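# Geometric and topological summary
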Amino acid sequence: MDKKNRLILALDVTDRENALRIANEVSDYVDSIKVGYPLVLGEGLGIVKELVEIAPVIADFKVADIPNTDRLICEHVFNAGAAGIITHGFTGRDSLDSCVKVANDFGTDVYVVTEMSHPGGVEFFRPVAEDIAKMAVEAGASGVVAPATRPERVKDIRKIIGEELSIISPGVGAQGGSAADVIRAGADWVIVGRSIYNSDSPAEAAKKICDEMNC
Ligand code: XMP
């Protein structure tokens with residue numbers, strides 16, 4: 001992913017018309033569009049094929065299954081044109097290896113969830129987040145997902161993964177995190193959904209976040 005705007009749109013609207021309208025409106029300000037269950041369950045995986053015409057797509061399916069099922073999921077997603085996928089790591093190294101292998105075959109990216117951004121994200125993830133980050137490095141993932149709601153954790157995770165892997169960071173805006181703070185803490189990209197797609201002017205909202213990060 002080209003690091004131009006440092007902003008990834010989380011496109012969690014559930015219908016095609018809104019999805020394409022918003023994606024087109026913000027395309028100058030985002031480096032990628034993250035698509036997850038809300039939109040794909042609403043419109044089918046074909047929406048990815050349409051969105052990749054506007055910007056590279058990261059599929060946020062938080063893949064968390066046995067290696068064979070993970071492989072099948074990744075193959076579907078990358079065949080649809082996605083440039084990256086978000087997976088869990090708690091399922092273990094063999095499951096993650098399976099995703100990384102498919103991604104390497106397609107020349108695409110795998111991002112591994114470390115500690116989640118919502119309040120409950122500390123309950124089970126906190127004790128294992130750093131081990132998952134280490135595993136992401138060892139498995140050859142492209143990057144990790146770390147919480148913009150806790151920039152100090154982004155700093156901790158950056159120390160563990162070094163400079164080679166990217167950090168993509170959700171939790172800005174609606175969940176209370178600050179784009180500038182988490183970029184200063186070591187994130188490469190922020191992921192923003194509601195603050196942009198619920199805005200009267202998604203383009204202005206996206207521009208404002210870019211300006212905060214000086215991009
Ligand atoms: P909002 O509307 O809160 O959307 O700006 C955030 C987007 O990011 C997803 N999300 C996460 N994904 N790890 C992830 O892999 C996380 O910790 C996390 N927190 C939020 C969320 O589903 C939405 O698409």
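Look up: the structure comes first, before these words.
The structure reproduced in this document is the subject of the present report. None of the values given here were measured: they were computed from a predicted structure.

### Quick notes on the layout of surface pockets
Empty space within the largest pocket amounts to approximately 470 Å³. If you go around the largest pocket, you meet 28 residues; those closest to its centre are K34, D60, K62, P170 and Q175. Every element with two or more residues in the lining of the largest pocket is listed here: β2 (32-36), α2 (37-43), β3 (57-63), β8 (189-192) and α9 (194-197). Ranked by residues supplied to the lining of the largest pocket, first place goes to α9 with three residues. By residue class, the composition of the lining of the largest pocket is 15 nonpolar, seven polar and six charged.

### With respect to the site of the ligand
Around the ligand, 16 residues are found, and the nearest of them are D12, K34, S117, G193 and R194. A distance of 3.0 Å separates a nitrogen atom of the ligand from a polar atom in the side chain of K62. The contact in question runs from an oxygen atom of the ligand to an N or O atom on the backbone of G193, over 2.8 Å. Among the detected pockets, the ligand sits in the largest pocket. Class assignment of the residues belonging to the shell around the ligand gives a composition of eight nonpolar, three polar and five charged.

About the thresholds
- Residues numbered from 1 in each chain as written.
- Predicted model: local features only at pLDDT ≥ 70, side-chain atom pairs only at ≥ 80, totals over all residues.
- Heavy atoms only, no water.
- 1 Å grid on protein atoms, 1.4 Å probe; cavity = no way out; pocket = protein on both sides within 12 Å on 5 of 7 lines; lining within 4 Å.
- Points joined across faces, edges and corners; volume = space filled by probe spheres on them.
- Helix = DSSP H or I, 4+ residues; strand = E, 2+ residues; numbered from the N terminus.
- Nonpolar A, V, L, I, M, F, W, Y, C, P; charged D, E, K, R; others polar.
- Near = heavy atom within 4 Å.
- Polar contact = N/O pair within 3.5 Å; in protein donor to acceptor, adjacent residues only side chain to side chain.
- Sits in = over half its atoms within 2 Å of the grid points.

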